[in-house]
Amino acid sequence: IKMTKHRKQWYQRRVREQKEGTGPSGTPVETTKIIELYVDSINNITRKTDVVGSIDPYVMVYANDVLVGKTKPVNNTTSVVINELFVFKSKGDPITTKLRFTLMDDDDIGDDDEVGSGSFNPAVEESLDNQLIHLKWKGKDIGSLSITMKIKEIMLV
């Protein structure tokens, strides 16, 4: 893509302003940090809650014990790529946000069944990319989730 001289100068000024945290007039720009949490996949679930077939899994996502959202159920599988994104702002420093995941089995009749759960504390991890969350049910390993967490700074306007 070919940029005109004027467009290139404008682009360079915007990049500089973002790095410096200032607006066009040099005034400070207020920013905040948000969390982008990707639930990448459900892996090798061994616990069955249905008499016939496999589970219909979905994941309930909690941040600091508040339900952030849940993934869409997937029919009849024990491993699946999900790639669902949850975006939220945590009170305080995002790195201290405690994440909890509950794997559920979507049932057409009756209440959905809890399959297992696991947690993630980003404050004690070296990396937030491609993390494996070990799921347990009554103390036994029943599979895992793969997640990626990103902390991003955005401008408030």
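Everything below is about the structure printed above this text.
How each quantity is defined
Residues numbered from 1 in each chain as written. Predicted model: local features only at pLDDT ≥ 70, side-chain atom pairs only at ≥ 80, totals over all residues. Heavy atoms only, no water. Core = buried A, V, L, I, M, F, W, Y, C linked by side-chain atoms within 4.5 Å. Buried < 20%, exposed > 50% of the residue type's maximum accessible area, 1.4 Å probe, protein only. Helix = DSSP H or I, 4+ residues; strand = E, 2+ residues; numbered from the N terminus. Contact = heavy atoms within 4.5 Å. Polar contact = N/O pair within 3.5 Å; in protein donor to acceptor, adjacent residues only side chain to side chain. Salt bridge = Lys/Arg side-chain N within 4 Å of Asp/Glu carboxyl O.

Colleague: Residue-level account of the nonpolar core, with values.
Modeller: Formed by 25 residues in total, the largest nonpolar core has its most connected members in L37, V59 and F101. The set of elements that each furnish at least two residues to this core consists of β1 (31-43), β2 (57-63), β4 (80-88), β5 (99-105), β6 (113-120), β7 (131-137) and β8 (140-155). Excluding its chain neighbours within four sequence positions, the residues that come into contact with F101 are L37, V59, M60, V61, G116, S117, G118, F120, I133, L135, L145 and I147.

Colleague: Any details on the side chain of S41? Residues and values, ideally.
Modeller: In this structure, S41 sits in strand β1. Here N43 takes part through its side chain, which lies 2.9 Å from a polar atom of the side chain of S41. When residues no more than four places from it in sequence are discounted, the contact partners of S41 are V80, V81, I82, S144, L145 and S146.

Colleague: A description of the pattern of salt bridges should follow, citing residues and the corresponding values.
Modeller: Evaluation of the coordinates by the stated rule reveals three salt bridges. A salt bridge links K152 to E36, with the shortest nitrogen-to-oxygen separation between them at 3.3 Å. With a gap of 116 residues between them, K152 in strand β8 and E36 in strand β1 connect regions that are remote in the sequence. The class of K152 is partly exposed, set by a relative accessible area of 37%. Between R100 and D65 there is a salt bridge; the shortest N-O distance is 3.6 Å.

Geometric values such as these leave the question of function open.
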